[in-house]
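Given next are the chains, with one letter for each unit.
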Amino acid sequence: MRIFVCVIWLMILSACNRNEKQTITHFESIEITYNNGWTGGLTVHIDSLGIIHKCRYHIISKIYSSACFVDTLDAEFIDTLNIKIDQIKTETIDSIYDGHCQDCGGFIVKIEYDNKTVRSTIIGSNKFDNTISNLSKYVTKIKVDKNLIDSCLIFETTKYLIPPPIESWIKFRPKETE
């Protein structure tokens, strides 16, 4: 009889766990690209279902190598992101925060919510302590290292990591005088 009661009790508990309320995001997507100032970078993309893609890139004039991972965020991460997004919704975010720093890390940010898009660039990732910078630091530090995917994803903000081809430099080089 005890075993029967335990089995019923476990079935009830597991049914309750499946009926948990799914956390609703306060955003359509978050996409943040981080450039370390040299040859490395990463892009993190989170959609409204809490699916996160994190791609790390090694760049030498083009994407030399990459590793992309995918996972689903748990409710705790979604709740924290919602709090940070709600703060951004009430603030005025500048399109650029320039720390006037050569070879410093930086963020390229694109956030979509309520049919609005926030775009911002932060140059000198450690020089700013504001809402958009804090969100960028939080998102890029989310650990995603399981579920390696086969292909390299290039998101909209990833293109800012890739330097222009050398041919474009030559066009703007001053003409030599004789």
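Residues numbered from 1 in each chain as written. Predicted model: local features only at pLDDT ≥ 70, side-chain atom pairs only at ≥ 80, totals over all residues. Heavy atoms only, no water.

A. Inspection of the overall build of the protein chain at higher detail. In terms of regular secondary structure, the protein chain is built from four helices and eight strands. Listing every helix and strand of the protein chain by position from the N terminus yields α-β-β-β-β-α-β-β-β-α-β-α. A separation threshold of at least 6 residues defines the contact pool for the protein chain, and within that pool the share at least 24 residues apart is 62%. (Helix = DSSP H or I, 4+ residues; strand = E, 2+ residues; numbered from the N terminus. Contact = heavy atoms within 4.5 Å.)

B. Structural view of unusual backbone geometry. A positive phi angle, close to 45°, is found at D114, a residue other than glycine. Checked against the element boundaries, D114 lands in the loop between strand 6 (106–113) and strand 7 (116–123). Even without being glycine, N115 reaches a positive phi, approximately 60°. Residue N115 is classed as exposed on the basis of its relative accessible area of 82%. (Buried < 20%, exposed > 50% of the residue type's maximum accessible area, 1.4 Å probe, protein only.)

C. Seen up close, helix 3 (residues 131–140). Buried residues dominate helix 3, accounting for seven of its 10 residues. Looking only at helix 3, the buried set comprises T131, I132, S133, L135, S136, V139 and T140.

D. Structural view of the pattern of salt bridges. Inspection of the entire model under this criterion finds six salt bridges. A salt bridge links K110 to E156, with the nearest nitrogen and oxygen atoms 2.6 Å apart. Here K110, found in strand 6, pairs with E156, found in the loop between strand 8 (148–149) and helix 4 (166–171); they are 46 residues apart in sequence, far enough to count as distant. Judged by relative accessible area, K110 falls into the buried class, the value being 10%. The residue E156 makes a salt bridge to R119 at a minimum N-O spacing of 2.7 Å. (Salt bridge = Lys/Arg side-chain N within 4 Å of Asp/Glu carboxyl O.)

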